[in-house]
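A closer look at the structure
Here's the letter readout for the chains.
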Amino acid sequence: MVNSRARRMLLAAALTGLLAILCTPSAALAENTAHRRQLADYLAAHPGGTVVNDNEVSYQGGRFVVTLRRAEVGTTATADCPWGWYCFYEWPNFGYPRGRLSSCGWQNLATWSWQYRVESAHYNLGSGYVSFYYYFDQRLFDVGAGNRVRSDASPYRNWANYVYRYCP
């Protein structure tokens, strides 16, 4: 009788432990939930985008892409614009979120709610350059094939409303 009771208590303790483990959300699940919430919040504030994955939203068929957070957690802040694009970041030293374009000519950053948000930039194309403007006639700074990065747009942080990419 004692042996049977000891087995039942041991089995009950094991089941309780297993249920506790199964009912506790894992770190990955909690992180995924946080990423989805961040994505939903971004789309609520900046409607009209298409979700690419849990970290990116594209606008106008991929013409403009926003990446919400750096892919590699714990990496240092470096310019990381993909090849074939020019990127601008919401924080100095390439802090995310990051917007990216590749089109030549004038772009109004307000189209994607990126006016007054640029604090650093990276140009990752083989030739040409892009100028950031306050108004069409008030050029703030450039990045291009000869000077690819600007880690801090100071004294023009959060001033850019337009960009113009000069293509060869």
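All of these numbers come straight from a predicted model, not from anything done at the bench.

**Quick look at the overall build of the chain**
Counting its secondary structure elements, the chain contains two helices and eleven strands. Taken across its 168 residues, the chain has 35% of its residues classed as buried. Long-range pairs, those at least 24 residues apart, make up 57% of the contacts in the chain with a sequence separation of at least 6. Counting only carbon and sulfur atoms, one obtains 58% of the accessible surface of the chain, whose full area is about 9,600 Å².

**So, the pattern of salt bridges**
This structure, assessed with the given rule, holds seven salt bridges. D54 is paired through a salt bridge with R69; the nearest N and O atoms lie 3.8 Å apart. With a gap of 15 residues between them, D54 in the loop between β1 (50–53) and β2 (56–59) and R69 in the loop between β3 (64–67) and β4 (85–91) connect regions that are remote in the sequence. Exposure remark for R69: the relative accessible area of 16% places this residue in the buried category. Its salt-bridge partner being D152, residue R157 comes within 2.7 Å of it at the nearest N-O pair. On the accessibility criterion, R157 (36% relative accessible area) is partly exposed. Under the relative-accessibility criterion, D152 is labelled partly exposed at 27%.

**Overview of the sheet that holds β3**
Spatially, seven strands are ordered β1-β2-β3-β5-β4-β7-β10 in an open sheet, and the strand pairing comes out antiparallel. Looking at which strands have only one partner, the edges of the open sheet turn out to be β1 and β10 (149–150).

**A look at the sheet that holds strand β11 (residues 162–166)**
What the four strands build is an open sheet, ordered β6-β11-β8-β9; its pairing is antiparallel. Where the open sheet ends on each side, the last strands, each with one partner, are β6 (105–108) and β9 (139–144). Direction aside, the axes of adjacent strands within the sheet are offset by 20° on average. Judged from the five bridges that link them, strand β8 (residues 129–133) and β11 form a sheet pairing that is antiparallel.

**Looking at the nonpolar core**
Ranked by size, the top nonpolar core spans 25 residues in total, and within it F64, Y86, F88, W114 and F132 carry the most contacts. If one sorts the elements of this core by residue count, β9 sits on top with three residues. When sequence neighbours within four positions are dropped, the list of residues in contact with F88 reads F64, P97, R98, G99, R100, L101, L109, W114, V118, S120, A121 and F132. By size, the runner-up hydrophobic cluster in this structure holds seven residues, among which are C87, Y89, F94 and Y96.

**Focus: the packing of aromatic side chains**
Applying the stated rule across the entire model yields 22 aromatic pairs. Summarising the aromatic geometry, the rings of W106 and Y162 are spaced 6.4 Å apart at their centres and angled 90° between planes, so their arrangement reads as edge-to-face. Of this pair, W106 sits in strand β6 while Y162 is found in strand β11, placing the two residues 56 residues apart along the sequence. Residue class for W106 comes out partly exposed when judged on its relative accessible area of 37%. Ring centres of F132 and F141 lie 4.6 Å apart, and the angle between their planes is 15°; this geometry places the pair in the stacked category. Note on accessibility: F132 and F141 belong to one class, buried. R100 extends its terminal NZ or CZ atom over the ring of W85, reaching a point 4.6 Å from the ring centre.

**Observations regarding the pairing of β3**
Residues F64 and V66 line one face of β3 and the alternating positions V65 and T67 line the opposite face, and both faces are buried. Pairing analysis gives four bridges linking β2 to β3, with the strands arranged antiparallel. Residue pairing for β3: V57 is matched across the bridge by V66. In this structure, the hairpin formed by β2 and β3 is closed by a connection of four residues, where Q60 is found at a positive phi of approximately 50°.

The rules behind these values
Residues numbered from 1 in each chain as written. Predicted model: local features only at pLDDT ≥ 70, side-chain atom pairs only at ≥ 80, totals over all residues. Heavy atoms only, no water. Helix = DSSP H or I, 4+ residues; strand = E, 2+ residues; numbered from the N terminus. Buried < 20%, exposed > 50% of the residue type's maximum accessible area, 1.4 Å probe, protein only. Contact = heavy atoms within 4.5 Å. Areas by Shrake-Rupley, 256 points an atom, 1.4 Å probe, with all protein chains shown as cover. Salt bridge = Lys/Arg side-chain N within 4 Å of Asp/Glu carboxyl O. Pairing = 2+ DSSP bridges. Axes fitted to C-alpha atoms, helices over the stretch in contact; angles between N-to-C directions. Core = buried A, V, L, I, M, F, W, Y, C linked by side-chain atoms within 4.5 Å. Phe/Tyr/Trp six-rings, centres within 6.5 Å; stacked < 30°, edge-to-face > 60°. Lys NZ or Arg CZ within 6 Å of the ring centre and 35° of its normal.

No statement about biological role is implied by the geometric values presented.
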